[in-house]
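The chain contents come next:
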Amino acid sequence: MHVPIDLRSDTVTRPGNAMREAMMRAEVGDDVYEDDPSVNVLQQKAAEITGKEAALFTASGTMSNAIALKTHVRPGEEVLLDSEAHSMIYELGMPATLALALTRQFQSVQGIPDVRQIAGSFHQESLHTPRTSLLVLENTHNRAGGAIIPLEIHRTLYELAHAHGAAVHLDGARIFNASVATGIPVCEFARYTDTITFCLSKGLGCPVGSLLCGSAQWIKQARRNRKMLGGGMRQVGFLAAAGLYALEHNIARLKEDHQRIRTLAEAVAQMKGIQPDSAAPPTNILYCTTETSAEALCTRLQAEYGILCNAMSANRVRFVAHIDIDDDDIMHTIKALQELC
Ligand SMILES: Cc1ncc(COP(=O)(O)O)c(C=O)c1O
């Protein structure tokens, strides 16, 4: 069992010994000169995995999304975004402040975009209207409990966006969770995107980093925008080596995270003072509604049981499984919730 049992997010993981050794052994160079061999191999691997021509190593998922919007959208153009998307809620107004974009929000149903609503949302440029130049999707969907957008919906939305002259960017921070849960390769999801980003520092267990993937021409421009945002890093191969290690060793095991969060959800479904959004969460994230204060529950879980989780609102809590959570941690959490709820 881990102390504390940290179920706040899959971003809280610490690199294990094998990953640290891979980092220690990394060959490095100045990545602004594109001279870092480890970064170059990682970018090539990311491009292969996503089926894109090129990839760019970035500091974070937030930075990847900022670069993506800045590269796709001219100032004043529209971006279609889920009202619950990470880029809408948690990136500090990035579409407005960095990309200078107008956002038009759509409502998804449990994380799944409503195709008809989106179909009616594109604007062509005219004397009166800015053009809609980008549709952003999120798979898996963080605030919708790790929901997976089905491949068919990706295909439909991609064709729809292109028919309206708009590009598609996928925030695939957790696309490997979607891939492992469905058995659909990442490149199939990526096929229906112009650009995709995925995170190394979530389920894959790395300390830092995301990859932004797209056409060679687009990535060239994205590299300029990364530099402008201060994301041109130098001997960053130490971090790329962690990513290479994770892509080799930490993907298939995501199914264990999914199984553990499902075990927790099934147990919570039997309790009285707390209800899971789903007794069968699709991936590694579980949201629950509490009858009493979520904040108070989290405080007691931490103080009395050494369990960390996030109160997302007055009566919503979130639990996230990851590489540093084992079966005993889940059993201990179930016991604690049985006693408190
Ligand atoms: C869906 C999604 N996109 C982007 C991000 C941002 O990633 P980072 O924390 O690396 O900036 C997150 C972080 O949790 C996320 O859940």
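None of these values were measured; they are calculated from a predicted model.

A. Focus on the domain arrangement of the protein. Per the domain assignment, the segments of the protein are domain 1 (17-249) and domain 2 (253-340). Here the C-alpha centre of domain 2 lies 28 Å away from the C-alpha centre of domain 1. The interface is formed by 18 residues belonging to domain 1 together with 12 residues belonging to domain 2. Roughly 1,100 Å² of surface becomes buried between domain 1 and domain 2 when both sides are summed, with 59% attributable to carbon and sulfur atoms.

B. Layout of the pattern of salt bridges. Under the defined criterion, the tally for this structure stands at 18 salt bridges. One salt bridge in this structure joins Arg 234 and Asp 30, with 3.1 Å as the shortest N-O distance. Separated by 204 residues along the polypeptide, Arg 234 in the loop between α10 (216-228) and α11 (237-249) and Asp 30 in the loop between α1 (17-24) and α2 (37-50) bring together distant segments of the chain. Judged by relative accessible area, Arg 234 falls into the partly exposed class, the value being 39%. What makes Asp 30 buried here is its relative accessible area of 17%. Among the ionic pairs, Glu 256 bridges to Arg 260, the shortest N-O distance being 3.6 Å. Of this pair, Glu 256 and Arg 260 are both found in helix α12 (residues 254-268), 4 residues apart, which corresponds to roughly one turn of the helix. Assessed through its relative accessible area of 12%, Arg 260 is described here as buried. One continuous salt-bridge network, built from bridges that share partners, spans Arg 74, Glu 77 and Arg 131.

C. Seen up close, the sheet that holds strand β14 (residues 310-313). With antiparallel pairing, the 4 strands of this open sheet are ordered in space as β11-β12-β15-β14. Edge positions in the open sheet fall to β11 (274-276) and β14, since each of these has one partner strand only. With direction set aside, neighbouring strand axes in the sheet form an average angle of 35°. Looking at chain direction, β11 and strand β12 (residues 285-290) are connected through 3 bridges and run antiparallel. Its bridge partner being in β12, Pro 276 is matched across the sheet by Cys 288. Across the sheet, α12 is in contact with β11, β12 and β15 (316-320); its angle to β12 comes to roughly 20°.

Cut-off values and rules
- Residues numbered from 1 in each chain as written.
- Predicted model: local features only at pLDDT ≥ 70, side-chain atom pairs only at ≥ 80, totals over all residues.
- Heavy atoms only, no water.
- Domains from an automatic or database assignment.
- Contact = heavy atoms within 4.5 Å.
- Buried area = accessible area lost by both parts, 1.4 Å probe.
- Salt bridge = Lys/Arg side-chain N within 4 Å of Asp/Glu carboxyl O.
- Helix = DSSP H or I, 4+ residues; strand = E, 2+ residues; numbered from the N terminus.
- Buried < 20%, exposed > 50% of the residue type's maximum accessible area, 1.4 Å probe, protein only.
- Pairing = 2+ DSSP bridges.
- Axes fitted to C-alpha atoms, helices over the stretch in contact; angles between N-to-C directions.

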